[in-house]
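One letter stands for each residue in the lines below.
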Amino acid sequence: GVIENMSGFVCPKCQTETQIFPATTGGGEKLCQEMAVRFLGKLPLDPALMKCCEDGRPYLAGIHSHEDEDDLKAAIKAESAGQRALRRVMEDLKRELDGAVI
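Procedures and definitions
Residues numbered from 1 in each chain as written. Predicted model: local features only at pLDDT ≥ 70, side-chain atom pairs only at ≥ 80, totals over all residues. Heavy atoms only, no water. Helix = DSSP H or I, 4+ residues; strand = E, 2+ residues; numbered from the N terminus. Buried < 20%, exposed > 50% of the residue type's maximum accessible area, 1.4 Å probe, protein only. Contact = heavy atoms within 4.5 Å. Areas by Shrake-Rupley, 256 points an atom, 1.4 Å probe, with all protein chains shown as cover. Pairing = 2+ DSSP bridges. Axes fitted to C-alpha atoms, helices over the stretch in contact; angles between N-to-C directions. Patch = residues over 30% accessible without salt bridge, like charges linked within 9 Å, V, L, I, M, F, W, Y side chains within 5 Å. Salt bridge = Lys/Arg side-chain N within 4 Å of Asp/Glu carboxyl O. Lys, Arg positive; Asp, Glu negative; His and termini not counted. Polar contact = N/O pair within 3.5 Å; in protein donor to acceptor, adjacent residues only side chain to side chain.

Engineer: Any chance you could explain the overall build of the protein chain here in plain terms?
Structural biologist: Scanning the protein chain from terminus to terminus reveals 3 helices and 3 strands. Helices and strands appear in the protein chain in the N-to-C order β-β-α-β-α-α. Out of the 102 residues in the protein chain, the part that is buried amounts to 17%. Of the contacts made within the protein chain by residues no fewer than 6 positions apart, 58% connect residues no fewer than 24 positions apart. As displayed, the protein chain has an accessible area near 7,900 Å², and 58% of this comes from carbon and sulfur atoms.

Engineer: I keep staring at the sheet that holds strand 3 (residues 39-45) and nothing clicks. Help me out?
Structural biologist: Sheet strands pair via backbone hydrogen bonds, and the direction of the pair is either parallel or antiparallel. One open sheet holds the 3 strands; their spatial order is 2-1-3, and the pairing between them is mixed. Looking at which strands have only one partner, the edges of the open sheet turn out to be strand 2 (17-18) and strand 3. When strand 1 (residues 2-10) meets strand 3, the two strands line up parallel, connected through 5 bridges. Each bridged residue has a counterpart across the sheet, and for Asn5 the counterpart in strand 3 is Leu43. Together, strand 1 and strand 3 form the strand contacts of helix 1 (residues 27-35), whose direction differs from that of strand 1 by roughly 165°.

Engineer: Is there a simple way to think about a nonpolar patch on the surface in this case?
Structural biologist: Nonpolar side chains collect at one region of the surface, where Leu86, Val89, Met90, Leu93 and Leu97 lie side by side and expose about 490 Å² of accessible area between them. As for its placement among the helices and strands, Met90 is situated in helix 3 (residues 69-98).

Engineer: What am I meant to see in the pairing of strand 1 here?
Structural biologist: As a general feature of sheets, a regular strand has side chains that alternate between the two faces. Relative to strand 2, strand 1 runs antiparallel, the two sharing 2 bridges. Opposite Val10, over in strand 2, you have Glu17 as the bridge partner. With antiparallel pairing between neighbouring strands as the criterion, strand 1 and strand 2 make up a hairpin whose turn holds 6 residues, including Gln15 at a positive phi of roughly 65°.

Engineer: Where do I start with the environment of Ala75 in this structure?
Structural biologist: Among the secondary structure elements, Ala75 is positioned in helix 3. Its relative accessible area of 8% is what places Ala75 among the buried residues. In this structure Ala75 touches Arg38 and Leu40, once residues within four positions along its chain are discounted.

Engineer: Just checking my understanding: could you explain the side chain of Glu4 for this structure?
Structural biologist: Its location among the elements puts Glu4 in strand 1. Lys42 is the oppositely charged side chain nearest to the buried, salt-bridge-free Glu4, at an N-O distance of 4.4 Å. One polar contact links the side chain of Glu4 to the main-chain amide nitrogen of Gly28, over a distance of 2.5 Å. Among all residues touching Glu4, those that are not within four sequence positions of it are Gly27, Gly28, Glu29, Phe39, Gly41, Lys42 and Leu43.

Engineer: I'm lost on the pattern of salt bridges in this one. Help?
Structural biologist: Two side chains of opposite charge can pair, provided their charged atoms sit close to one another. Under the definition given, this model contains 4 salt bridges. Across the salt bridge formed by Arg57 and Asp55, the nearest N and O atoms sit 3.4 Å from each other. A relative accessible area of 40% places Arg57 in the partly exposed class. Each of the salt bridges in this network shares a partner with another, and the network as a whole consists of Lys51, Asp55 and Arg57.

Structure below.
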């Protein structure tokens, strides 16, 4: 799946979202449609995220509140579960192929 990074800037004073880097080719959602992968969401430019990265602190550990945070957490959890399931299928297939007589 794809998470679109730097999708806009939300002003911490007035909460207005500004598209600093407007998508000229359709953005992350169009990319996902073209590649047949799941669109997981958008992350705006966020001074709190930058500060967390600089300080080595986790961003989603209760220090920041964003309206899409719960949806983003759920999407990440679902994607992780899907990746684990796919890994198990691939491991089973490899075991079957390793034991195949050609």
